[in-house]
Amino acid sequence: MWLSGFACGEGCFTGYLSLDKKSLWGLQPGLDFNITQSTDDKLLLDSINLFFKNKGGVYIKPNNVSVVAFRNVKVLKEEIIPFFNKYPLVGMKSYELERWIKLVDIYYYKKHVGKNIDTKNYMLNFAEIVKNLNIKRNNKSKLRRIDIIIDWLKNLNSFPTMEEKLNLIQLVKITSIKI
């Protein structure tokens, strides 16, 4: 149960959309659950990873920071979510978890894959949830970027062409320079 309490303060449920002209919709969704600590506490992060049968990874980052991260959607769906169902989070972090579980479900059940209008709607739903996930920590440029993606998805009338995907990538690049 200590891990659940620890995650309330230090855990992070994330979702993101990477721009990728080779992806069907020009966007590649991604997810993770991570906990960040000082590299001095790397042993703690290794222990958390061990608790989940080493199904994540522990990474040393710049500025004396390390992170344990779980990114495999099957691990997220079948290990991480059941853990937090058994040992519920309290406070604001529980609402983040609820939103994040919706993202995991979209990705796990591959609702974001396909060329029909339902797929577009799932991609749009994914983007809108990502925007509101960890909203207190989002910076101005990340919010602008996700708003551009959401508007682009809303304005698509059908599956995007390569030109439309490249236009999105260019628009995000130009806008991120201005912010």
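Residues numbered from 1 in each chain as written. Predicted model: local features only at pLDDT ≥ 70, side-chain atom pairs only at ≥ 80, totals over all residues. Heavy atoms only, no water.

Q: Even after reading the chapter, I still don't get the packing of helix α3 (residues 73-86) against helix α4 (residues 92-108), so can you show me in this structure?
A: For the pair α3 and α4, interaxial distance at closest approach is 10 Å and the crossing angle is 150 degrees. If you check the angle between α3 and α4, you find them roughly antiparallel. Helix-helix and strand crossings are classified by hand; for α3 and α4 the assignment is left-handed. In contact with Val73, Lys74, Leu76, Lys77, Glu78, Ile80, Ile81 and Phe84 of α3, α4 contributes Leu97, Trp100, Ile101, Val104, Asp105, Tyr107 and Tyr108. Looking at the contact of α3 with α4, its residues break down into eleven nonpolar, no polar and four charged. (Axes fitted to C-alpha atoms, helices over the stretch in contact; angles between N-to-C directions. Helix = DSSP H or I, 4+ residues; strand = E, 2+ residues; numbered from the N terminus. Parallel < 35°, antiparallel > 145°, perpendicular 65-115°, else oblique. Left-handed = near helix turned anticlockwise from the far one by under 90°. Contact = heavy atoms within 4.5 Å. Nonpolar A, V, L, I, M, F, W, Y, C, P; charged D, E, K, R; others polar.)

Q: Would you take a moment to explain the pattern of salt bridges for this structure?
A: Two side chains that carry opposite charge are able to pair once their charged atoms sit near each other. Enumeration according to the criterion identifies seven salt bridges in this entry. We note a salt bridge from Arg71 to Asp32, for which the minimum N-O separation is 3.5 Å. One end of the pair, Arg71, is in the loop between β4 (65-70) and α3; the other, Asp32, is in strand β2 (residues 27-38), with 39 residues separating them in the sequence. We classify Asp32 as buried; its relative accessible area is 7%. Several salt bridges share partner residues, and in doing so they unite Lys53, Lys55 and Glu79 into one network. (Salt bridge = Lys/Arg side-chain N within 4 Å of Asp/Glu carboxyl O. Buried < 20%, exposed > 50% of the residue type's maximum accessible area, 1.4 Å probe, protein only.)

Q: Please explain the pairing of strand β3 (residues 57-61) as it appears in this structure.
A: Where a strand is regular, its side chains alternate between the two sheet faces. One ladder, built from five bridges, connects β3 with β4; its direction is antiparallel. Bridging across to β4, Ile60 finds its partner in Ser66. Linkage of β3 to β4, two consecutive antiparallel strands, is achieved through a turn of three residues, within which Asn63 is found at a positive phi near 65 degrees. (Pairing = 2+ DSSP bridges.)

Q: When you look at the packing of aromatic side chains in this model, what are you seeing that I'm missing?
A: What the rule picks out here adds up to 13 aromatic pairs. Judged by centre distance (5.4 Å) and plane angle (80 degrees), the rings of Trp25 and Phe159 are edge-to-face. Within this pair, whereas Trp25 is found in the loop between β1 (11-19) and β2, its partner Phe159 is found in the loop between α6 (140-155) and α7 (162-178), the two being separated by 134 residues in sequence. Taking the relative accessible area as the measure of exposure, Phe159 reaches 24% and is therefore partly exposed. Residues Phe51 and Phe52 carry aromatic rings whose centres are separated by 5.1 Å and whose planes lie at 90 degrees to one another, so their mutual orientation is edge-to-face. Among the aromatic residues, ring-to-ring pairing joins Phe13, Phe33, Phe51, Phe52, Phe70, Phe83, Phe84, Tyr87 and Trp100 into one connected group. Lying over the aromatic face of Phe159, Lys115 brings its terminal NZ or CZ to 5.0 Å of the ring centre. (Phe/Tyr/Trp six-rings, centres within 6.5 Å; stacked < 30°, edge-to-face > 60°. Lys NZ or Arg CZ within 6 Å of the ring centre and 35° of its normal.)

Q: Quick question: what am I supposed to make of the side chain of Ser4 here?
A: Inspection of the secondary structure assignment puts Ser4 in helix α1 (residues 2-10). Within polar-contact distance, the side chain of Ser4 engages the backbone oxygen of Tyr87 at 2.7 Å. Looking at Ser4, its side chain comes within polar contact range of the main-chain oxygen of Pro88, at 3.2 Å. (Polar contact = N/O pair within 3.5 Å; in protein donor to acceptor, adjacent residues only side chain to side chain.)

Q: Would you take a moment to explain the sheet that holds β1 for this structure?
A: To summarise the sheet geometry, strands pair through backbone hydrogen bonds and adopt either a parallel or an antiparallel arrangement. Reading across from one edge, β1-β2-β4-β3 is the order of the four strands in this open sheet, with antiparallel pairing throughout. For this open sheet the edge positions go to β1 and β3, each flanked by a neighbour on one side alone. Across the sheet, the axes of successive neighbouring strands diverge by a mean angle of 35 degrees, strand direction being ignored. With nine bridges joining them, β1 and β2 adopt antiparallel strand pairing. In the strand pairing of β2, Cys12 is matched with Asn34. Lying on the sheet, helix α2 (residues 42-51) is in contact with β2, β3 and β4; it crosses β4 at an angle near 5 degrees.

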